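Take a look at the letters that make up each chain.
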Amino acid sequence: MIVKLSPPLKDYIWAGGNLAKYWNKRGCNIAESWELSFVEGSQSVVDSGEFCGKKLSEVTSRADWGKNCDRFDRFPLLVKLIDAGSDLSVQVHPDDDYALAHEGQFGKTEMWYILDAADGAGLYLGLNATLTAEQFRQSVAEGSITNRLNFLPVKAGETYFVPAGTLHAIGKGVTLLEIQQNSTLTYRVYDYGRRDKDGLRPLHVEKAAATASLQKYVVPDARRKSFLGGCKYFSAYRYRRGKRFLLHSFASVTVTKGAFAVGDVPLERGETAFVSAEQPFCVKGSGEYVLVCVE
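Note that the structure is predicted; figures quoted are calculated from it, not measured.

Visitor: Would you mind showing me how to read the UniProt feature "binding site: Zn(2+)" (unreviewed entry) in the protein chain here?
Guide: Cross-referencing UniProt, the feature "binding site: Zn(2+)" (unreviewed entry) maps to H93, E110 and H168 in the present numbering. Taken along the chain, the residues just named run across 76 residues; in space they keep tight, none of their C-alpha pairs more than 10.9 Å apart. Within the secondary structure, E110 sits in strand β9 (residues 110–117). For E110, a relative accessible area of 2% gives the class buried.

Visitor: Can you help me understand the sheet that holds strand β7 (residues 77–83) in this one?
Guide: Each strand in a sheet pairs with its neighbour through backbone hydrogen bonds, running either in the same direction (parallel) or in the opposite one (antiparallel). Spatial ordering of the open sheet is given by β2-β3-β7-β14-β9-β12, a layout of 6 strands whose pairing is antiparallel. Since the sheet does not close on itself, it has two edges, and those belong to β2 (9–10) and β12 (159–162), each with one partner. Note: β2 against strand β3 (residues 32–36), 2 bridges, orientation antiparallel. Bridge pairing in β3 places K10 opposite E32.

Visitor: Explain the nonpolar core here, please?
Guide: Residues L36, L56 and L77 are the most contacted members of the largest nonpolar core, which totals 31 residues. Going through the elements one at a time, β1 (2–6), α2 (56–59), β7, β9, β14 (174–181), β19 (234–239) and β24 (281–293) are the ones with two or more residues in this core. Beyond its immediate stretch of four places on either side in the chain, L36 contacts L5, S44, L56, F75, L77, L78, V79, F250, S252 and F274.

Visitor: Is there a simple way to explain the environment of K155 in this structure?
Guide: Examined against the element boundaries, K155 turns out to sit in the loop between β11 (149–153) and β12. The class for K155 is exposed, based on a relative accessible area of 56%. Apart from residues no more than four positions distant in its own chain, K155 is found in contact with I114 and A117.

Visitor: Is there a simple way to think about the pattern of salt bridges in this case?
Guide: Side-chain pairs of opposite charge can arise where the charged atoms are in close proximity. Counted under the stated rule, the structure contains 11 salt bridges. For E178, the salt bridge identified is with K80, shortest N-O distance 3.8 Å. Of this pair, E178 sits in strand β14 while K80 sits in strand β7, and the two are 98 residues apart along the sequence. You'll find E178 and K80 in the same group, each marked buried. Linking R223 and D221 is a salt bridge whose minimum nitrogen-to-oxygen distance equals 2.8 Å. You can call R223 exposed: its relative accessible area is 66%. You can call D221 partly exposed: its relative accessible area is 42%. In this structure, a network of salt bridges that share partners links the residues K4, D47 and E271.

Reading guide: rules and limits
Residues numbered from 1 in each chain as written. Predicted model: local features only at pLDDT ≥ 70, side-chain atom pairs only at ≥ 80, totals over all residues. Heavy atoms only, no water. UniProt positions renumbered as here; feature names shortened; annotations may be inferred. Helix = DSSP H or I, 4+ residues; strand = E, 2+ residues; numbered from the N terminus. Buried < 20%, exposed > 50% of the residue type's maximum accessible area, 1.4 Å probe, protein only. Pairing = 2+ DSSP bridges. Core = buried A, V, L, I, M, F, W, Y, C linked by side-chain atoms within 4.5 Å. Contact = heavy atoms within 4.5 Å. Salt bridge = Lys/Arg side-chain N within 4 Å of Asp/Glu carboxyl O.

If you want it as C-alpha cells, here you go:
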C-alpha cells in the first residue's frame, strides 16, 4: 500500500500562518498538521486510491506496520508539521516508566527538523546550569524559567533531538517537522500567563519537577547528514534525490522542498505518503524529503 495522507489540523492559540501559506494546508490559524497519526480522534485519513476517505488506522494491519514494529503494542510514532506564530509554552515530557506508572500511557521522546525560521527565531532546549528542585520551582513561580534554559537561534536544515525529561519550548517564528513517540502527554511548566476559552491554561509544575532533568544540558551539534536521528520508536532520514527502498517497517515520506512521487503517488511540499512494510517503492523528483521508519 502506498497512499497519500490527509492530516488532522490543530488550531492552538499560538498558531502562525505559514502552514496555509507555504505548506499546502487549507484553513486558518493552523498550529499543527498531524501528518501521520493513529491518535484516537485525530487520525490521518487516506487521500488517494481505493481507500480514499477512510482512516489510515482502519485500512492497515500490523503486517503494514512491519516486523520491526512487533515489539510495540500500538503504532509507535506521530509525525507533525508545527508552525509557531508565538512562543509555545515551556514544557517537559515524562519518560515511559513515569508515564506508565502515573498516567497509564507512554511518555514522549521527540525530534525536531527545522524547516524555516525567521531572523533571530529559536528554541529553548535544556537547562544552562544545574538546578535543585527548589530552584526550579522558584524560577517557575517568578516567571524567570526561560532565563535558566539554553536559547538556540536556529536555521533550516538543523536537527534537535529532545529526549524525554528535557525542558523545552519552540520559539515564535519557527516552522519544523516533529517526529515523536505516539503520545500526547505534556507537562506545561510556564505559559506566559496566556488564556484560552477556558481561562488561564493549566500548569503541571509538580509533575514537571518530578520528571524533568535538572542537570545542565549540553546541546549537541545540530548539523546532520542523511541520518537525522532516532530512537527505538523511530528513525528519520533526509534525502535530496530519488531512491529505491525496501523496508521492514512502514515508512512515511514528507516532502520538505520541491515535489516528488512515491511510487505513483505525487506529493508537493508539506504533503506526506504512507508506505506499507515490505512494499518495494521508488521516490522520484527533486528537492528534499524526510523518510521516517522503525529500525
